[in-house]
Amino acid sequence: MPASGSPAIPVFAGYTFEQLRSGVVFVMLAISFLVYIEPAPADLMFVVVLLCFARSGLSLTVGVVPLAVFLVLYNIGGFLSF
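Quick caveat, the model's predicted, so the values are computed rather than measured. (Residues numbered from 1 in each chain as written. Predicted model: local features only at pLDDT ≥ 70, side-chain atom pairs only at ≥ 80, totals over all residues. Heavy atoms only, no water.)

A.B. asks: I keep staring at the side chain of arginine 21 and nothing clicks. Help me out?
C.D. replies: Within the element layout of this structure, arginine 21 appears in helix α1 (residues 17-30). Apart from the residues lying within four places of it in its own chain, the contact partners of arginine 21 are Cys52, Phe53 and Ser56. (Helix = DSSP H or I, 4+ residues; strand = E, 2+ residues; numbered from the N terminus. Contact = heavy atoms within 4.5 Å.)

See the structure below:
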């Protein structure tokens, strides 16, 4: 902790981790209309977003965990299908 007593905020290339998380979600939504090839770029960005949010302590409720697992399995199936 810094001398002031407040916890340190991680900064990467001048951006806070919260700004980076918001940025990767924006990029995933912005490129979601591009589907020239499979897997689509948004499917690949899903992995980046998932890793980014998992790194920051993503908390899921019990009801959402099966949905998240099936979404990950669905995306893995899409990657393997081409």
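A.B. asks: Help me understand the nonpolar core, please; the structure alone is not making it clear to me.
C.D. replies: Across soluble globular proteins, nonpolar side chains have a tendency to be buried as a group. With eight residues, the main nonpolar core is built from Phe17, Val24, Met28, Ala42, Met45, Phe46, Val49 and Cys52. Mapped by element, the contributors of at least two residues to this core are α1 and α2 (41-55). Element by element, the count of residues in this core is highest for α2, at five residues. Apart from residues no more than four positions distant in its own chain, cysteine 52 is found in contact with Phe17, Arg21 and Val24. (Core = buried A, V, L, I, M, F, W, Y, C linked by side-chain atoms within 4.5 Å. Buried < 20%, exposed > 50% of the residue type's maximum accessible area, 1.4 Å probe, protein only.)

A.B. asks: Any chance you could explain the pattern of salt bridges here in plain terms?
C.D. replies: Pairing between side chains of opposite charge can happen when the charged atoms of each approach one another. Per the stated rule, a full pass over the model turns up one salt bridge. The partner of arginine 21 in a salt bridge is glutamate 18, and the shortest N-O contact between them spans 3.4 Å. With arginine 21 and glutamate 18 both in helix α1, this residue pair falls three residues apart, about one helical turn. With relative accessibility at 46%, the residue glutamate 18 sits in the partly exposed group. (Salt bridge = Lys/Arg side-chain N within 4 Å of Asp/Glu carboxyl O.)

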